[in-house]
Amino acid sequence: MQTTGSPAASPSKADRQFHVAYCFDQNYEQHFGASVTSLLLNAQGPGSNLCIHVVTAQVSDAFQARLDRLTDTFRARIEVHCVQAHDVERLSRLPVTNRPLAYLTTATYYRVLLPNILPPAIDRVVYLDSDTIVLSDIRALFDIDLGQAIVGAALDMGSTAMAAKRGLDKYVNSGVMLMDLQQWRQGDYVDRCLAYALQHPDKISYGDQCAINAVCADVIQVLDPRWNRFVLSQTRSDDATGAAILHFITGDKPWQAWYEN
């Protein structure tokens, strides 16, 4: 069922489809499992109107079996979209970072492809990184009015410095985004973001995140930080009070033995 950008024009929540997307490579399959389980555990209402889109380069039989088990357990729809070989090759030419950040790969650009990968009937999606943990019902994020913006995201932890370096008035984190896919398609923002990354490798520190901030600067709406609460190894639990989504940023992750939190 097609949804619209304006909640007032949408069907009732009992009938609507809420679309959530994850994009990752094989290195993050297990961590996606933790994130999507937290999403499903906190989803209120019928699981049948929640559709989870998995975007990756390849799907093994073992991973597909785990997805099937999630579907059976939570009665939610999970749809797999494999990135096409020509897109993988295209992304391989793009810069990922100009600093030593081994945890970033070209898979970070998969989320920029969402407007092209997801069916045209889907015009709104919530994107989540695989290193997030959801603590509340995602439908409240899905219903935020973006106005004329094409993407909603929370300010990045280093927003002030990153924006100043790039001549921007803000710099958001793309690990959690509300995306108006229809506006992305109409404005050709996919190709524009990828072209920017290719043409300005010196300005790419965090893959697609830098491209999105530069190309979409005038059509980004800043979201409440509760929708993307950053967690570092030393973050205190009370610093996450009121958070709807936890996001374990940087290369230090909670699944590593040395992680302090």
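Numbering of residues begins from 1 in every chain and follows the order in which that chain's sequence is written. Only residues with pLDDT of at least 70 get local features here, since the model is predicted, and only at 80 or more are side-chain atom pairs given and counted; chain-wide, interface and lining totals rely on the full set of residues. As a convention, hydrogens and water are excluded, and side-chain values are obtained from all of the structure's heavy atoms.

A short note on the overall build of the protein
Here comes step 1: Note on conventions: DSSP H or I runs of at least 4 residues are helices, E runs of at least 2 residues are strands, and numbering of each starts at the N terminus. Along its length, the protein carries nine helices and 10 strands.
Here comes step 2: In these tables, accessible area is a Shrake-Rupley quantity obtained with a 1.4 Å probe, and a residue counts as shielded only by the protein chains included in the view. Surface exposure of the protein reaches about 11800 Å², of which carbon and sulfur atoms provide 51%.

Comments concerning the pattern of salt bridges
Here comes step 1: Salt bridges are counted wherever a side-chain nitrogen of Lys or Arg sits within 4 Å of a carboxyl oxygen of Asp or Glu. Under the defined criterion, the tally for this structure stands at seven salt bridges.
Here comes step 2: With its nearest N and O atoms 2.9 Å apart, the salt bridge here joins aspartate 191 to arginine 90. Of this pair, aspartate 191 sits in helix H8 (residues 189-199) while arginine 90 is found in helix H3 (residues 85-91), placing the two residues 101 residues apart along the sequence.
Here comes step 3: Classification of residues uses two cut-offs on accessible area relative to the type maximum, computed with a 1.4 Å probe and protein chains only: under 20% is buried, over 50% is exposed, and between them is partly exposed. Judged by relative accessible area, aspartate 191 falls into the partly exposed class, the value being 32%.

Examining the sheet that holds strand E1 (residues 18-23)
Here comes step 1: The rule for pairing is simple: two strands pair if DSSP sees at least two bridges between them. In spatial order, the strands read E3-E2-E1-E4-E7-E6-E8; together these seven strands make up an open sheet with mixed pairing. The sheet is open, and its two edges are formed by strand E3 (77-82) and strand E8 (220-222), each paired on a single side. Looking at each pair of strands side by side, their axes are set apart by 25° on average, direction ignored.
Here comes step 2: Here six bridges tie strand E2 (residues 50-56) to E3, and the two strands are oriented parallel to one another. Bridge pairing in E3 places histidine 53 opposite glutamate 79. The angle between two axes is taken between their N-to-C directions and runs from 0 to 180 degrees, where each axis is a line fitted to C-alpha atoms and a helix contributes only its stretch in contact.

Focus: helix H6 (residues 159-166)
Here comes step 1: Considered for burial, the residues of H6 that qualify are Ser159, Met162, Ala163 and Arg166. Looking down the long axis of H6, one finds its buried residues gathered within 100° of arc, a one-sided arrangement. Projecting away from the buried face of H6 at angles above 90 degrees are the exposed residues Thr160, Ala164 and Lys165.
Here comes step 2: We call two residues in contact when some of their heavy atoms are within 4.5 Å. Taken together, the buried residues of H6 touch helix H9 (208-215).
Here comes step 3: Where H6 ends, the next residue or the one after it, glycine 167, has phi of about 70°, a positive value. The directions considered for the arc are those from the helix axis to the C-beta atoms.

Observations regarding the packing of H8 against H9
Here comes step 1: One can describe the packing of H8 onto H9 by two numbers: an axis separation of 9 Å at closest approach and a directional angle of 115°. Crossing handedness for the pair H8 and H9: right-handed. The segment H8 lies against H9, with Tyr189, Arg192, Cys193, Tyr196 and Ala197 engaging Cys210, Ala211, Ile212, Ala214 and Val215.
Here comes step 2: Only Asp, Glu, Lys and Arg are considered charged in this grouping, and only Ala, Val, Leu, Ile, Met, Phe, Trp, Tyr, Cys and Pro are considered nonpolar; every other residue, Gly among them, is considered polar. Across the contact of H8 with H9, the residue classes break down as nine nonpolar, no polar and one charged. The handedness criterion is simple: a crossing whose near helix is rotated anticlockwise from the far helix by less than a right angle is left-handed, and one whose near helix is rotated clockwise is right-handed.

Geometry only, nothing functional implied.
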